[in-house]
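Reading the structure
Single-letter residue listing:
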Amino acid sequence: MNVARMIREAREALDDGGLHGSFLVRDLDSGDEIGIDPDLEFPVASLVKVPLAVATLERMARGELDGATPVTVTPGRISAPGPTGLSKFHHSATVALDDLLYLSTSVSDGIAADALFDLTSPAEVTAELRRLGFDGIAVRHPIRDLVETPAERFVPAQAHLAHSLAIGATTAGQGHAVAQLDVGRASTGTARSFVELLCGLWRPSAIRPPVAARVRELMGDNVLRQRLAPDFSADASRWSSKTGTLLNLRHEIGVVEHADGQVFAIAVLTESRVPAIQQPGAEALMAQVARSLRDHLRLN
């Protein structure tokens, strides 16, 4: 199948599934890539935890932070489904800084991430990315802002109403009545900018080798594997990733390393126009499209 036809059919499948998305797959050795609207900017939700890990570890490498430092964290006491780790705790806990990195990145614990943001602010994380030569990702707020959306104002049986608002309140120029979905106010990025960051973590770059190795380890330990992982994890391949989810947004970035030596960076950023919390079909469709793009590069 030629590239134009494959991309056209992928767009049609996404549209039929109620998804609008930005995809990019790149062979990390040849540099060959294929994508669908890879430069479209999205609010990125928990994907910011990867830049946060990079910035925190770079500061640790410079001696500005100590990974053994104990940090007392106030629990989230969140009863709604979704949040993980300290976000569900009912009592304060003292956790070493390095272990907060694990909770934030591998478990996607928002409370742990905000404890790290208290040490390295969103503006400082963005500045660290720029220092390292990575543009296109803007970190503008802590994770706690992501749990102050209309979804928290409805009882579970009415949660679909928050999704309806998220779908219908977009303005011209990708503005949005919900601040966390407004590209002018939210933390944002593109599929291309996240693939560039993945390249910097898996191949030599300005990121210190021990920092890159630690982030790769944290992403390899990602416990949220319902989205792209089913199509990229196998006995003969390793999938390391980070998800991001907020209202009608579903994202994942990751790297698949094949036993034969081929390595691909993949970024998928999507929004759904279906007002529902649970959308396993959308998750499967994201993976199907991403895999078709990877297969094209792998086989050609």
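Residues numbered from 1 in each chain as written. Predicted model: local features only at pLDDT ≥ 70, side-chain atom pairs only at ≥ 80, totals over all residues. Heavy atoms only, no water.

**Here's the deal with the nonpolar core**
Membership of the largest hydrophobic core comes to 58 residues, with the highest contact counts inside it found for Leu86, Leu100, Leu201 and Ile207. With 8 residues, the top contributor of residues to this core is helix H7 (residues 191-202). Residues in contact with Leu201, not counting those within four places in the same chain, are Val50, Val54, Ile207, Ala212, Val215, Arg216 and Met219. If you look at the next biggest cluster of nonpolar residues, it comprises 25 residues, including Ala10, Leu19, Ala229 and Leu297. (Core = buried A, V, L, I, M, F, W, Y, C linked by side-chain atoms within 4.5 Å. Buried < 20%, exposed > 50% of the residue type's maximum accessible area, 1.4 Å probe, protein only. Helix = DSSP H or I, 4+ residues; strand = E, 2+ residues; numbered from the N terminus. Contact = heavy atoms within 4.5 Å.)

**Here we look at the pairing of strand E5 (residues 93-96)**
Taking every second residue as pointing to the same face, the buried face of E5 carries Ala93 and Val95, while none of Thr94 and Ala96 on the other face is buried. In this structure, strand E4 (residues 70-73) lies alongside E5, joined through 4 bridges in antiparallel fashion. Each residue of the ladder has a partner; that of Val71, found in E5, is Val95. (Pairing = 2+ DSSP bridges.)

**A word on the pairing of strand E2 (residues 33-36)**
Covered by surrounding structure in E2 are Ile34 and Ile36 only, the residues Glu33 and Gly35 on the alternate face being uncovered. As defined by bridge partners, strand E1 (residues 19-27) adjoins E2 across 4 bridges and the pair is classed as antiparallel. Residue pairing in the sheet places Leu24 in a bridge with Gly35 of E2. Hairpin connection from E1 to E2: 5 residues lie between these consecutive antiparallel strands, with Gly31 at a positive phi of about 85°.

**Quick notes on helix H1 (residues 3-16)**
Between its terminal C-alpha atoms H1 stretches 20 Å, which fits the 20 Å expected from 14 residues at 1.5 Å a residue. Every buried residue belonging to H1 is among Met6, Ile7, Ala10 and Leu14, and all of these are buried. Along the axis of H1, the buried residues cluster in a sector spanning 95°; they form a single face. Along H1, the residues that are exposed and aim more than 90 degrees away from the buried face are Ala4 and Asp16. As for H1, its buried residues are in contact with E1, E2 and helix H10 (280-299). If you check the start of H1, you find a side-chain oxygen 3.3 Å away from the backbone N of Ala4, and it comes from Asn2. Looking one or two residues beyond H1, the residue adopting positive phi is Gly18, at roughly 80°. (Expected span 1.5 Å × (residues − 1). Arc of directions from axis to C-beta. Polar contact = N/O pair within 3.5 Å; in protein donor to acceptor, adjacent residues only side chain to side chain.)

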